[in-house]
Amino acid sequence: MQANGPLVLKDMSPTTHSLKTNRPASPSQVPGALTNRQRFLNACHCRPVDHPPVWLMRQAGRVLPEYRALKEKHSFLELVQTPELAAAVTLQPIRRFDFDAAILFCDILVVAEGLGQRYQFRDRGGIEMEFLLKSAADVDRLEVGAVTERLQYVAKALPLIKSALNGRTALIGFAGSPWTLANFMVEGGGVKEYTKAKAIFYSDPPLFAQLLEKLTQAVTNFLQLQIDAGADAVQI
């Protein structure tokens, strides 16, 4: 995370440092060949690498036959909310392709769940929120202070993944942006025109500001949870 500018990938883990300067060491100072993780961390620090680190968004998922096999036995939410299953899915593309970084298998709407607005996937497809944010009373129901406790299944999954990666591969965590989450929570699903969210923005700016403030703090808490649990970097 960065204090100024957009919230982007940033290394959150200890790296090799020069004993004289306490600055990150250059690749020439790091003994032996770069591991996938060190290559990724070097790139995060804008240090030279032997080649650019490689990872793909959505690298874990239905493109993999081993994931589809798990989906035959478990729902998507079970995969997300069960630490052992989330770890297994996260590791699938690493074992198959040896990417430089693993990406936590999760869903952006866990932040809404952590706030108290649960969600599920309809049998016919699409997302269904437990309730929609239509009024100040609905926004008041969102509990920022409960996010960390309610999302402990993510905190439990990360050490399992970290242990399996054994220091060789980096681990990336993530969260949805406050604006993206606001649209899901107001509209009840993904949209292209943002009609309802923009309507609140223009008709009731204080309410919209209250919602975005809650979402910003919730996203911050969720990212901090991931950092504390071992993520090497986080992204929105």
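Data block above holds the structure.
Residues numbered from 1 in each chain as written. Predicted model: local features only at pLDDT ≥ 70, side-chain atom pairs only at ≥ 80, totals over all residues. Heavy atoms only, no water.

Caption draft 1: Layout of the environment of Phe 76. In this fold, Phe 76 is placed in helix 3 (residues 76–81). On the basis of relative accessibility, which here comes to 18%, the residue Phe 76 falls in the buried class. Through-space distance from the C-alpha of Phe 76 to that of Cys 106 is 9.5 Å; in sequence the pair is 30 residues apart. (Helix = DSSP H or I, 4+ residues; strand = E, 2+ residues; numbered from the N terminus. Buried < 20%, exposed > 50% of the residue type's maximum accessible area, 1.4 Å probe, protein only.)

Caption draft 2: Here's a closer look at the pattern of salt bridges. By the definition in use, this model includes 8 salt bridges. Across the pair Arg 118 and Glu 130 runs a salt bridge, and its minimum N-O distance is 2.8 Å. Of this pair, Arg 118 sits in the loop between helix 5 (110–115) and strand 2 (119–121) while Glu 130 sits in the loop between strand 3 (127–129) and helix 6 (136–140), and the two are 12 residues apart along the sequence. For Arg 118, a relative accessible area of 52% corresponds to the exposed category. Judged by relative accessible area, Glu 130 falls into the partly exposed class, the value being 44%. (Salt bridge = Lys/Arg side-chain N within 4 Å of Asp/Glu carboxyl O.)

Caption draft 3: Geometry of helix 9 (residues 178–187). In terms of burial, helix 9 is largely enclosed, as 8 of its 10 residues are buried. Inspection of helix 9 places Pro 178, Leu 181, Ala 182, Asn 183, Phe 184, Met 185, Val 186 and Glu 187 among the buried residues, and these make up the whole buried set. Contacts from the buried residues of helix 9 go to helix 5, strand 3, helix 10 (195–203) and helix 11 (205–228). The first or second residue beyond helix 9 is Gly 188, which carries a positive phi of 90°. (Contact = heavy atoms within 4.5 Å.)

Caption draft 4: How the structure looks around the environment of Glu 193. The topology assignment puts Glu 193 in the loop between helix 9 and helix 10. Each C-alpha atom, one on Glu 193 and one on Asn 183, is 9.8 Å from the other, the two residues being 10 residues apart in sequence.

Caption draft 5: Examining the pairing of strand 4 (residues 170–174) more closely. When you tally the buried positions in strand 4, you get 5 out of 5 residues, the bulk of the element. Burial of the side chains of strand 4 extends over both faces: Ala 170, Ile 172 and Phe 174 are buried on one face and Leu 171 and Gly 173 on the other.

Caption draft 6: Broad picture of the packing of helix 10 against helix 11. Where helix 10 contacts helix 11, the axes come no closer than 5 Å and their chain directions differ by 120°. Judged on the interaxial angle alone, helix 11 and helix 10 are oblique. Across the interface between the two elements, Ala 197, Ile 200, Phe 201, Tyr 202 and Ser 203 from helix 10 touch Pro 205, Leu 207 and Phe 208 from helix 11. Partitioned by chemical class, the residues of the contact of helix 10 with helix 11 number 7 nonpolar, 1 polar and no charged. (Axes fitted to C-alpha atoms, helices over the stretch in contact; angles between N-to-C directions. Parallel < 35°, antiparallel > 145°, perpendicular 65-115°, else oblique. Nonpolar A, V, L, I, M, F, W, Y, C, P; charged D, E, K, R; others polar.)

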